[in-house]
Amino acid sequence: QVQLVESGGGLVQAGGSLRLSCAASGRTFSAYGMGWFRQAPGKEREFVAGISWNGDSTYYRNSVKGRFTVSRDNGKNTVYLQMNSLKPEDTAVYYCAARADMWTMVRGREPDYWGQGTQVTVSS
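This one's a predicted model, so the numbers in the text were calculated from it and none came from an experiment. (Residues numbered from 1 in each chain as written. Predicted model: local features only at pLDDT ≥ 70, side-chain atom pairs only at ≥ 80, totals over all residues. Heavy atoms only, no water.)

**Observations regarding the sheet that holds strand 8 (residues 78-83)**
- Spatially, the four strands line up as an open sheet ordered 1-3-8-7, and their pairing is antiparallel. Because the sheet does not close on itself, it has two edges, and the strands there are strand 1 (2-7) and strand 7 (68-73). When the angles between neighbouring strand axes are averaged without regard to direction, this sheet yields 15°.
- In this structure, strand 3 (residues 18-26) lies alongside strand 8, joined through six bridges in antiparallel fashion. (Pairing = 2+ DSSP bridges. Helix = DSSP H or I, 4+ residues; strand = E, 2+ residues; numbered from the N terminus. Axes fitted to C-alpha atoms, helices over the stretch in contact; angles between N-to-C directions.)

Written out as structure tokens, the structure is:
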């Protein structure tokens, strides 16, 4: 089992920044690719960004490219999502997730583990 706990969400004005963190415990964190998903009210959940187990590969959906950066620190069992130039349309509950191969999450496979989510609200 892997337990994931997100933090860092909040209310920010458009153009502002937030950094989300996801702390993992349990099985070997470094064995897992990690992903960030989000779900806005009335919308489907979408994959936002992902990072491979060793950090060598990353993925971003087009709408966040150049604004969001995913990173991880395997020594701290933590993955981060730095979000800059936030827009109202980024408002959602953000979830971190784990699966051995990050690219399978990109292709739509269900993660093995989920965090509880953290709310991000961007005001205009």
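There is more to say after this.
**A short note on the pairing of strand 8**
- Burial within strand 8 is extensive, with five of its six residues counted as buried.
- Pairing geometry for strand 7 and strand 8, over six bridges, is antiparallel. Across the sheet, Arg 72 pairs through a bridge with Val 79, a residue of strand 8.
- The turn linking strand 7 back onto strand 8 is made up of four residues, and Asn 77 within it adopts a positive phi angle of 55°. (Buried < 20%, exposed > 50% of the residue type's maximum accessible area, 1.4 Å probe, protein only.)

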